[in-house]
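# Remarks on the overall topology
As a plain string of letters, each chain reads:
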Amino acid sequence: GDDDRTMDDSLSADHASRADNEKDSDLKGTADEDAVVEEDEDETTKMTRARRYWLVLVWLLTWWVPSPCLSCCAKLKRRDQRIAWREKVALCALIFLLCCVIIFWIAVLGLLICPKQHVQTIEEMRGHNTADDALVAIRGEVYDIQGFNHMGVNAKYLVDNNYPGSDLSDKFPLQLSFVCPFPDLDPRLALSPKPEPYTDTWLHDHRFWRHPDMVAGGFNYYQYRLMRIMRENYSRGKIATEPQRIEMEGKGVGMPNGMRRYWSIINNELFDLTEYIQRRGAPFVIAPDDHSNETRSRMFLDDGVHNMFQMHPGQDITDKWNRYFAKHPVARRIHYQCLRGAFYAGVVDKRKSFQCYFANYVLLASSVALTSIIFF
């Protein structure tokens, strides 16, 4: 009996000891939670201004993730856990944005400041005069004639005749009344003379004087046949002229006998009306053998357009052009079509402009800065 009583007392003591231990553990857990809460309160109380700004930024970057979602889906019950998660996401977002800014700065900003131009100056194009590097220019446009083959004329024939690196505009006479669609424009008016028989120019010449029976004055071989093929298959850019040269030659500097060059800029495109202005209209009147060459006037452009180029050679007349045709969009379209087809000389070369130099220096400075960060 005494042994049983002793055993019961021992079991009771064990149960009591376990109960006391569990109570102490609960009290300790509660104390730890209280300590965390007090630590959060202390952190909130002692939060610095920089910390506040950082949390505002964190919230601006992660507001789209609601806290209940983090509590339910990510099992982040405590507030400090949710804040830590948001801070990590904010850091990743900032790193991503910084990478985008660097890529934009290096790869995009330069192109925005100085757009890439697919251009050649006349002097540059003259260096492309071999079979493996063959460029030609036709009325302000540049073409790569490698692989050219049209109606029995191939690239080898062009190279053998020293055409690469040359301006071939005079080899392709155009029918002026087709290019400049003004009402009642005399089909005999021309920008180039009658060529010598059986030359390349003569073979390309299908103007009114050779085809007087055709409606509206001849078949424009240059416009409707060859140039479409060239632009679709062989185009490599435009002829470019530096703005300083445009201005100087417009003033007659460096020109024979000090003669001015009457060319001007419209929307970054260059148009040359020198012969038209100097000869008071179309330079030539070419008629079939049984037609007269007599004409009352060889001028066909609007007087206002004529005066723009004559009074402002070598200058940008875009604003004057826009103001003049502000209320006459149809006349503007017809005159632009005429200028583009008959008097086009290329585009303005901006590769040496301040904005392009600035873009290059920005890229150079960025490269130096990134290299310094990586190596130092």
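Analysis parameters
- Residues numbered from 1 in each chain as written.
- Predicted model: local features only at pLDDT ≥ 70, side-chain atom pairs only at ≥ 80, totals over all residues.
- Heavy atoms only, no water.
- Buried < 20%, exposed > 50% of the residue type's maximum accessible area, 1.4 Å probe, protein only.
- Helix = DSSP H or I, 4+ residues; strand = E, 2+ residues; numbered from the N terminus.
- Pairing = 2+ DSSP bridges.
- Disulfide = S-S within 2.5 Å.
- Axes fitted to C-alpha atoms, helices over the stretch in contact; angles between N-to-C directions.
- Parallel < 35°, antiparallel > 145°, perpendicular 65-115°, else oblique.
- Left-handed = near helix turned anticlockwise from the far one by under 90°.
- Contact = heavy atoms within 4.5 Å.
- Nonpolar A, V, L, I, M, F, W, Y, C, P; charged D, E, K, R; others polar.
- pLDDT = per-residue confidence, 0-100.
- Patch = residues over 30% accessible without salt bridge, like charges linked within 9 Å, V, L, I, M, F, W, Y side chains within 5 Å.
- Areas by Shrake-Rupley, 256 points an atom, 1.4 Å probe, with all protein chains shown as cover.
- Salt bridge = Lys/Arg side-chain N within 4 Å of Asp/Glu carboxyl O.

Attention now moves to the pairing of strand S10 (residues 269-272). Because side chains alternate across S10, one face comprises the buried residues Glu-269 and Phe-271, and the other comprises Leu-270 and Asp-272, equally buried. Taken together, the 4 bridges between strand S9 (residues 263-266) and S10 define a ladder with antiparallel strand orientation. Bridge pairing in S10 links Ser-264 to Phe-271. The hairpin formed by S9 and S10 contains 2 residues between the paired strands, and Asn-267 there has a positive phi angle of roughly 55°.

Our focus in this paragraph is the state of the cysteines. All chains considered together, the criterion is met by 2 disulfides. The disulfide partner of Cys-180 is Cys-338, and the gap between their sulfur atoms is 1.9 Å. Looking along the S-S bond of the Cys-180-Cys-338 disulfide, the torsion reads about 70°, which is the right-handed sense. A residue pair is termed long-range when its members are at least 10 positions apart, and Cys-180 in the loop between helix H7 (176-179) and strand S7 (189-190) and Cys-338 in helix H14 (residues 329-342) qualify at 158 residues. Just as Cys-180 is buried, Cys-338 falls in that class too. Within the protein chain, bonded cysteines paired by disulfides and numbered along the sequence follow the pattern 1-4, 2-3.

Phi angles above zero are rare outside glycine, and Lys-75 is one such case at about 60°. Structurally, the position occupied by Lys-75 is in the loop between helix H3 (67-73) and helix H4 (79-113). Its relative accessible area of 58% is what places Lys-75 among the exposed residues. Phi at Arg-280 is positive, roughly 55°, even though this residue is not glycine. Along the chain, Arg-280 falls in the loop between helix H11 (274-278) and strand S11 (284-285). Note on Arg-280: relative accessible area 66%, which makes it exposed.

Another point: the packing of H4 against helix H15 (residues 354-375). Contact geometry for H4 and H15: axes closest at 9 Å, N-to-C directions at 170°. Classified by the angle between their axes, H4 and H15 sit roughly antiparallel to one another. Of the two possible hands of crossing, H4 and H15 adopt the one that is left-handed. Note on element contacts: H15 touches H4 through Gln-355, Phe-358, Ala-359, Val-362, Leu-363, Ser-366 and Leu-370, opposite Ile-102, Trp-105, Ile-106, Leu-109, Gly-110 and Ile-113. Class assignment of the residues belonging to the contact of H4 with H15 gives a composition of 10 nonpolar, 3 polar and no charged.

This part takes up the confidence of the model for the protein chain. Detail in the predicted coordinates should be disregarded across regions flagged by low pLDDT. Summarising the model, the protein chain shows a mean pLDDT of 85, and 86% of its residues fall at 70 or more. Considering only residues more than four positions removed or in separate chains, one finds that residues 26-39, a stretch of pLDDT under 50, has 0 contacts.

Turning our attention to a nonpolar patch on the surface. Residues Leu-98, Ile-102, Trp-105, Ile-106, Leu-363, Leu-370 and Ile-373 make up a contiguous nonpolar surface patch of about 610 Å² in total accessible area. Breaking the nonpolar patch down by element, the ones donating at least two residues are H4 and H15. Per-element accounting of the nonpolar patch gives the leading share, 4 residues, to H4. Positionally, Leu-363 belongs in helix H15.

Let us look at the pattern of salt bridges. Taken as a whole and assessed by the stated rule, the structure comprises 18 salt bridges. The closest approach of N and O atoms between Arg-245 and Glu-123, which form a salt bridge, is 3.4 Å. Remark: Glu-123 occurs in helix H5 (residues 122-125) and Arg-245 occurs in helix H10 (residues 243-250); sequence separation between them is 122 residues. Residue class for Arg-245 comes out partly exposed when judged on its relative accessible area of 34%. Salt-bridge contacts for Asp-272 lead to Arg-261; the nearest nitrogen and oxygen are separated by 3.0 Å. Highlighted residues: Asp-272 in strand S10 and Arg-261 in the loop between H10 and S9, separated in sequence by 11 residues. Of the residues examined, Arg-261 reaches a relative accessible area of 23% and is grouped as partly exposed. Connected via shared salt-bridge partners are Glu-123, Arg-245, Glu-249, Arg-261 and Asp-272.

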